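The primary structure of each chain is shown beneath.
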Amino acid sequence: MLEIADLYIRYGAVEAVHGISFAVAQGEVTALIGANGAGKSSTLAAISGLVAAAGSIRFVGRDIRGMPPHEIVRAGIVQVPEGREILARMTVEENLLLGARGRDARGLRSAYERFPILAERRSLLAGMLSGGEQQMLAIARALLAAPRLLLLDEPSLGLAPIVVARVFETLADLRRQGTTMLLVEQNALRALRLADHAHVMELGRIVMSGTGAALLRDEAVARTYLGVA
Ligand SMILES: Nc1ncnc2c1ncn2[C@@H]1O[C@H](COP(=O)(O)OP(=O)(O)O)[C@@H](O)[C@H]1O
Ligand SMILES: [Mg+2]
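Presented here is an overview of the structure given in this document. (Residues numbered from 1 in each chain as written. Chains lettered and ligands numbered in written order. Predicted model: local features only at pLDDT ≥ 70, side-chain atom pairs only at ≥ 80, totals over all residues. Heavy atoms only, no water.)

### Some words on the nonpolar core
So, step 1. In this structure, Leu118 and Leu171 are the most contacted members of the largest nonpolar core, which totals 46 residues.
So, step 2. Considering every element that reaches this core, the biggest residue donor is helix H6 (residues 131-144), with 8 residues.
So, step 3. With residues near it in sequence (within four places) discarded, Leu171 still touches Ile139, Leu152, Pro155, Met181, Leu183 and Leu194.
So, step 4. In terms of nonpolar packing, the next biggest core, distinct from the first, is built from 27 residues, Ile20, Ala38, Ala75 and Leu182 among them. (Core = buried A, V, L, I, M, F, W, Y, C linked by side-chain atoms within 4.5 Å. Buried < 20%, exposed > 50% of the residue type's maximum accessible area, 1.4 Å probe, protein only. Helix = DSSP H or I, 4+ residues; strand = E, 2+ residues; numbered from the N terminus. Contact = heavy atoms within 4.5 Å.)

### Some remarks on helix H4 (residues 105-114)
So, step 1. All of the buried residues in H4 are Gly107, Leu108, Ala111 and Tyr112. The arc that holds every buried residue of H4, seen down its axis, measures 135 degrees, which confines them to one face. Along H4, the residues that are exposed and aim more than 90 degrees away from the buried face are Arg106 and Glu113.
So, step 2. Next to the buried residues of H4 lie helix H3 (92-99), helix H5 (116-120) and H6. (Arc of directions from axis to C-beta.)

### Focus: the pattern of salt bridges
So, step 1. Summed over the entire model, instances satisfying the criterion amount to 5 salt bridges.
So, step 2. One salt bridge connects Asp173 with Arg176, and the closest N-O pair in it is separated by 2.4 Å. Placement of the pair is Asp173 and Arg176 together in helix H7 (residues 161-176), with a separation of 3 residues, close to one helical turn.
So, step 3. Looking at Asp173, the relative accessible area reads 31%, which means it is partly exposed.
So, step 4. For Arg175, the salt bridge identified is with Asp196, shortest N-O distance 2.7 Å. Taken together, the residues span a long stretch of sequence, with Arg175 in helix H7 and Asp196 in the loop between helix H8 (188-194) and strand E9 (197-202) at a distance of 21 residues. (Salt bridge = Lys/Arg side-chain N within 4 Å of Asp/Glu carboxyl O.)

### Some details on the side chain of His18
So, step 1. Here His18 shows up in strand E2 (residues 14-24).
So, step 2. The exposure class assigned to His18 is buried, which follows from its relative accessible area of 19%.
So, step 3. A distance of 2.6 Å separates polar atoms of two side chains, one belonging to His18 and the other to Glu15.
So, step 4. Those residues in contact with His18 that sit more than four places away from it in its chain are Leu7, Tyr8, Leu203, Gly204 and Arg205. (Polar contact = N/O pair within 3.5 Å; in protein donor to acceptor, adjacent residues only side chain to side chain.)

### Quick look at the sheet that holds strand E4 (residues 54-59)
So, step 1. Strand order in the open sheet made by the 4 strands is E2-E1-E4-E5, with antiparallel pairing throughout. Only two strands of the sheet have a single neighbouring strand rather than two, namely E2 and strand E5 (62-63).
So, step 2. Bridge count between E4 and E5: 2 bridges; the pairing is antiparallel. Pairing of Arg58 across the sheet is with Asp63, part of E5.
So, step 3. Contacts between helix H1 (residues 40-47) and the sheet are confined to strand E1 (2-11), E2 and E4, with E1 contributing the most and set at about 115 degrees to the helix. (Pairing = 2+ DSSP bridges. Axes fitted to C-alpha atoms, helices over the stretch in contact; angles between N-to-C directions.)

### Some thoughts on the environment of Glu133
So, step 1. Mapped onto the secondary structure, Glu133 falls in helix H6.
So, step 2. By relative accessible area, Glu133 is classed as buried at 14%.
So, step 3. Put simply, Glu133 and Phe115 are 18 residues apart on the chain and 9.1 Å apart in space, counted from C-alpha to C-alpha.
So, step 4. Glu133 has contacts with Ile117, Leu118 and Arg121, leaving out every residue within four places of it along the chain.
So, step 5. A distance of 3.2 Å separates a polar atom in the side chain of Glu133 from a polar atom in the side chain of Arg121.

Here it is in structure tokens:
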């Protein structure tokens, strides 16, 4: 569905991503894991059209590199941004409708079915929600745009362990329903358990690739990213 080839990203004189290539297959979860500063968010930003990049980014056969972000969203790629970026002074429902094209009663209903807590809190200011609820809201808002490919940047960042588990259950549900996802995570254990395929990024390069299961069994991955002695 998505094919990245020889992707380079630079910020002024600093090159952050040095020619990475990988693909995302339809219906699968593909994960990018790696330490802070590895270039994961930059890669997502390039796919979303938010930073310039060299190389090729093809989405269902079409070159989308250099397209403006709103056209990339229209093509079907929707990102759940790092830090959720919900609008704290708008209500939960107003935030959801920002994701929809127009007043999408059916989309809202399915968002509320999926996340009953958001239905309960629909008239509250989004800033009153807990961190976990805000993450649910950010995911629900992205789903309202009916993505063909969902990009997620660190959905578990800053959340308590029990809430992290809930977020990953939500992602596993989405996967079962056939949602194609590209997931960036520092929680490598959770990401690899969920992912069909994963790539390890270090300093702007992909240094290892495999199925989630294979990387979970890899000793170097275990030592470096899973905290196994
Ligand atoms: N807007 C920016 N301007 C300059 N350098 C940046 C910018 N965003 C990221 N970088 C640099 O690019 C590298 C990769 O960052 P990033 O993609 O955020 O990594 P990750 O998401 O894996 O933590 C880092 O060295 C970071 O400092
Ligand atoms: Mg990042």
